[in-house]
Amino acid sequence: MNMTHYMQLLSDKQPWNLLIFMAIPIVLAETLAITELYILFTRRFHGLVWGVNRFAGAAVGLYFIGIIFYLVTTAVIPITRNGEWRTVIDVVAVGSYLIGGLPLIWIALQEFGLVNKGLSQEGKLKIHAICVALFLVFGHIAMISGMLDPSLLGYQGPGQAVDTSAPMPAGHGHQ
């Protein structure tokens with residue numbers, strides 16, 4: 001089976017790429033999401049959970065700045081330059097993963113006081129929740145499309161040829 005560049009990235013250099021590009025950002029983002037729910041329900045803008053939420057938001061945003069820079073320079077630009085995208089499935093998988101990091105970067109910018117300065121704690125919490133939701137949507141699009149086989153849309157990997165010896169459906173071909 002062929003794989004998208006997204007899935008290939010996660011499978012290469014085991015277990016390191018899986019940890020760097022999936023486990024660490026997902027653990028931070030899930031920590032952010034869980035603490036976000038707690039804060040939404042309790043409205044406690046102080047204490048341990050609030051501190052963990054702020055740390056996770058800042059850390060995952062900074063982390064994604066590094067991931068996006070690294071992947072754009074070492075994968076996206078070379079793959080695009082060489083025309084090596086494995087159909088639109090591949091572009092959607094990689095693009096969604098990268099786009100999913102942008103709302104997390106916004107959260108980090110908010111945590112550092114660089115954006116949304118005029119908002120109340122409640123307003124900032126709403127922005128946090130929207131950004132977490134956007135990350136979850138784009139992250140799931142990336143995971144689902146990343147697991148698809150790009151040959152579904154015609155991609156043929158190196159050395160693969162169309163199999164013309166495959167049996168024809170009943171009623172077609174030789175009698």
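Basis of the calculations
- Residues numbered from 1 in each chain as written.
- Predicted model: local features only at pLDDT ≥ 70, side-chain atom pairs only at ≥ 80, totals over all residues.
- Heavy atoms only, no water.
- Phe/Tyr/Trp six-rings, centres within 6.5 Å; stacked < 30°, edge-to-face > 60°.
- Helix = DSSP H or I, 4+ residues; strand = E, 2+ residues; numbered from the N terminus.
- Buried < 20%, exposed > 50% of the residue type's maximum accessible area, 1.4 Å probe, protein only.
- Expected span 1.5 Å × (residues − 1).
- Bend = angle between axes of the 7 residues up to and from the residue.

Peer 1: Kindly report on the packing of aromatic side chains, identifying the contributing residues and their values.
Peer 2: Within a pair of aromatic rings, the relevant descriptors are the distance that separates the centres and the angle that separates the planes. Applying the stated rule across the entire model yields five aromatic pairs. With 5.7 Å between their ring centres and 65 degrees between their planes, Tyr6 and Tyr97 make a pair best called edge-to-face. Here Tyr6 is found in helix α1 (residues 5-11), whereas its partner Tyr97 is found in helix α4 (residues 87-111), with 91 residues between them in sequence. What makes Tyr6 buried here is its relative accessible area of 6%. With a centroid separation of 5.7 Å and 50 degrees between ring planes, the pair formed by Phe64 and Tyr97 is classed as tilted. Of this pair, Phe64 sits in helix α3 (residues 47-81) while Tyr97 sits in helix α4, and the two are 33 residues apart along the sequence.

Peer 1: Explain unusual backbone geometry residue by residue, including any values.
Peer 2: Excluding glycine, residues mostly have negative phi values, and the peptide bonds linking residues are mostly trans. Across the junction of Gln14 and Pro15, the peptide omega takes the value -5 degrees, indicating a cis bond. Residue Arg43 is not a glycine yet carries a positive backbone phi of 60 degrees. In this structure, Arg43 sits in the loop between α2 (16-42) and α3. The class of Arg43 is partly exposed, set by a relative accessible area of 37%. A positive phi angle, near 75 degrees, is found at Thr87, a position not held by glycine. Structurally, the position occupied by Thr87 is in helix α4.

Peer 1: How would you explain α3 if you had to name every residue and give the values?
Peer 2: With 35 residues, α3 should reach 51 Å at 1.5 Å per residue; the first-to-last C-alpha distance of 49 Å fits that figure. Within α3, the axis deviates most sharply at Val72, by approximately 45 degrees. Downstream of α3 by one or two residues, Gly83 has phi in the positive range, about 60 degrees.

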